[in-house]
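An overview of the molecular structure
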Amino acid sequence: MTILIVDDLPQNIRLLEAVLTPRGYDVATASSGAEALDRVAAGGIGLVLLDVLMPEMDGYEVCRRLRADEGTSFLPVVMVTASGEQEKLAAIEAGADDLIAKPFDQSELLARVRSLLRIKEYHDTIEAQAAELKAFNEQLERRVQQQVDELERLGRLRRFLSPQLAELVVSSGDDSFLESHRREITVVFTDLRGFTAFAETVEPEDVMHVLGEYHAAMGDLIHRFEGTLERFTGDGLMVFFNDPIPLPDAPDRAVRMAVAMRGRVSQLAEEWHRRGFDLQVGLGLAQGHATLGRIGFEGRSDYAAIGSVTNLAARLCDQAGPGQILISQRVYAATEHLLVAEPVGELSLRGFSRPTRAYDVKGLDAARVRA
C-alpha cells in the first residue's frame, strides 16, 4: 500500500520520505489539500500523513472530506501537527485516526504507521469478504429464485403432463412443443354414472371424499400410461395420447388405460356401494386430428386439444352406460388386434350430422396382450 504525504513545505515531505522509503514503503506526495483529495480519489492509497497547517484548505478540512466520502471513510489518516491540546482536539473531531507531534520521533512514526496499515489490511480483508458474501448471497438468491420458478413451472406443467415429461421440459428449458400445432390424437373421456343424483343427496364432504378417491385412481393410471390430462371437470376428465410427445402406440395405450380405469372404478364402486353410493364409470374413445397448444392468460394457462375428435369422444362417453367403454370406428380399426369388442350400430350423437359407428369394448384379448 502507498503512503500519501501531504504538506505544503517540500522539506517536510523530503524528511518523511527519508524515514519511510528505506523501510520499503511506497510514497506519494501532495503539496495541497485539493491535490491530496485528487490523489486519494485516484486509488491505491493505504494511509495519509496529513499536515494541519496548509493554505486554502487545511488538514482538518481534508480529513473531514475524506470521512464524508463512503469510499474513504475508513482510510487511515495521521495528522502531523504541533503539540497543542487544541490542535489535537480539532484533529480528533475532524476524524483523524492518530496524531504525530512535530518534531516527530522516527520510531514512534513507524510504529503508528505499521499499526494503522495493519488495521487497514484487516479492514480491507473484511470488506473483500463482505463483498464476496454479498455476491454469494445474490447468486444464492438468484439460484433459489430460479429453483422456485422451475418448481412453479413444473407444478403448472404437471397439471396436464406426466411427471417425467414435465421434468424433461423444465430441465431442458425447451417448451416450444407446447405452442399451437396440429396432430392426430386418441382421446379418452370418462364420467361417473349416477354422480348428479349422488351429489344432490349426500353431504358435500362425502362428495369430495368420493371424488378424491376417483381422481387419485384415475391420475395414477394416466401417469402410468403416459397420457396427457387436459382437465378435470368434477366427475369427468379428458385425456389424450400422441401429444405433446409422439406415441406410435397411442390408440393401444388409450384402450389399455380405459380398460384399467373401468377395472379400478369397479373396485372403488364395491366400497362405495357398501356406503350406499351407486356409482360407476362410463368411457368414450375417439381418434382424429386436433389443434393442440397452450391456451389461457398471464398467470394461468392450460394445454388443450380443440377439434371434433374431442367432441366425438365426449358424446360417446355420454352414450356409454355404467361400466361401458364405447370407441369410435377409427379406434377400433387401430386396436382390434388387442381387444374384444362388439358393434353397437350407428349412434346419432349431438353435434354430428351423420350417425357414428361405435363399438363396445368387452375387454382385452388375453392371448394377444401376452403376445
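The text that follows walks through the structure, step by step, so that each part is easy to find.

What counts, and at which threshold
Residues numbered from 1 in each chain as written. Predicted model: local features only at pLDDT ≥ 70, side-chain atom pairs only at ≥ 80, totals over all residues. Heavy atoms only, no water. Helix = DSSP H or I, 4+ residues; strand = E, 2+ residues; numbered from the N terminus. Contact = heavy atoms within 4.5 Å. Areas by Shrake-Rupley, 256 points an atom, 1.4 Å probe, with all protein chains shown as cover. Buried < 20%, exposed > 50% of the residue type's maximum accessible area, 1.4 Å probe, protein only. Phe/Tyr/Trp six-rings, centres within 6.5 Å; stacked < 30°, edge-to-face > 60°. Expected span 1.5 Å × (residues − 1). Salt bridge = Lys/Arg side-chain N within 4 Å of Asp/Glu carboxyl O. Pairing = 2+ DSSP bridges. Axes fitted to C-alpha atoms, helices over the stretch in contact; angles between N-to-C directions. Polar contact = N/O pair within 3.5 Å; in protein donor to acceptor, adjacent residues only side chain to side chain. Parallel < 35°, antiparallel > 145°, perpendicular 65-115°, else oblique. Left-handed = near helix turned anticlockwise from the far one by under 90°. Nonpolar A, V, L, I, M, F, W, Y, C, P; charged D, E, K, R; others polar.

Side note on the overall build of the protein chain
Looking only at helices and strands, the protein chain has 12 helices and 13 strands in total. Summarising the internal contacts of the protein chain: among those between residues at least 6 apart in sequence, 65% fall at separations of at least 24. Carbon and sulfur atoms make up 51% of the accessible area of the protein chain, which amounts to about 19,600 Å² in all.

Some details on the environment of R256
Structurally, R256 is set in helix α9 (residues 250–274). Using a relative accessible area of 29% as the deciding quantity, one classes R256 as partly exposed. Taking C-alpha positions, R256 is 8.9 Å from L339, a pair spaced 83 residues apart along the chain.

So, the packing of aromatic side chains
Overall, the coordinates contain three aromatic pairs when judged by the stated rule. With a centroid separation of 5.8 Å and an interplanar angle of 50 degrees, the aromatic rings of F195 and F198 are classed as tilted. Residue F195 and its partner F198 are located together in helix α7 (residues 195–201), separated by three residues, close to a single helical turn. For F195, a relative accessible area of 11% gives the class buried. A residue is classified by how much of its surface remains accessible, and F198, at 5% relative accessible area, is buried. Aromatic side chains F198 and F277 sit 4.9 Å apart centroid to centroid with 65 degrees between the ring planes, which places their arrangement in the edge-to-face category. With F198 in helix α7 and F277 in the loop between α9 and β9 (280–297), this residue pair connects regions lying 79 residues apart in the sequence. An aromatic cluster of at least three residues, connected via ring pairs, comprises F195, F198 and F277.

Description of α9
End to end, α9 covers 36 Å across 25 residues, agreeing with the expected 36 Å (1.5 Å per residue, within 8%). Downstream of α9 by a residue or two, G276 has a phi angle that is positive, lying close to 90 degrees.

Brief notes about unusual backbone geometry
Glycine aside, residues mostly have negative phi angles, and peptide bonds mostly take the trans form. That bond from K102 to P103 is cis: its omega, -10 degrees, falls within 30 degrees of zero. Considering the arrangement of structural elements, one finds P103 in the loop between β5 (98–102) and α5 (106–157). One non-glycine residue, N242, adopts positive backbone phi at about 85 degrees. With respect to the helices and strands, the residue N242 is situated in the loop between β8 (236–241) and α9.

Regarding the pattern of salt bridges
On inspection of all chains with the given rule, the structure shows 20 salt bridges. Linking K120 and D124 is a salt bridge whose minimum nitrogen-to-oxygen distance equals 2.9 Å. Residue K120 and its partner D124 are both found in helix α5; the two are separated by four residues, about one turn of the helix. On the basis of relative accessibility, which here comes to 12%, the residue K120 falls in the buried class. Notably, a salt bridge pairs R183 with D243, separated by 3.0 Å at the nearest N-O pair.

A look at the sheet that holds β5
An order of β2-β1-β3-β4-β5 is seen for the five strands of this open sheet, with the pairing classed as parallel. Either end of the sheet is taken by a strand with one partner, and the two such strands are β2 (26–30) and β5. Taken pair by pair, the neighbouring strands of this sheet meet at an average axis angle of 20 degrees, ignoring direction.

Looking at the side chain of T190
Checked against the element boundaries, T190 lands in strand β6 (residues 181–193). Residue T190 is classed as buried on the basis of its relative accessible area, which comes to 2%. Among the polar contacts made by the side chain of T190, one reaches the side chain of Y214 at a distance of 2.8 Å. Not counting residues up to four positions away in its chain, the partners in contact with T190 are Y214, D235, G236, L237, M261, V281, G282, L283 and C317.

Structural notes on the environment of F277
With relative accessibility at 9%, the residue F277 sits in the buried group. Leave out the neighbours within four places in its chain, and F277 touches F198, V202, D206, V210 and W272.

Description of the packing of helix α2 (residues 33–41) against helix α3 (residues 59–68)
At a minimum axis separation of 9 Å, α2 and α3 run at an interaxial angle of 25 degrees. It follows from the interaxial angle that α2 and α3 lie roughly parallel. The chirality of how α2 crosses α3 is right-handed. Taken together, the residues of α3 that come into contact with α2 (itself represented by G33, L37 and V40) are V62, R65 and L66. Across the contact of α2 with α3, the residue classes break down as four nonpolar, one polar and one charged.

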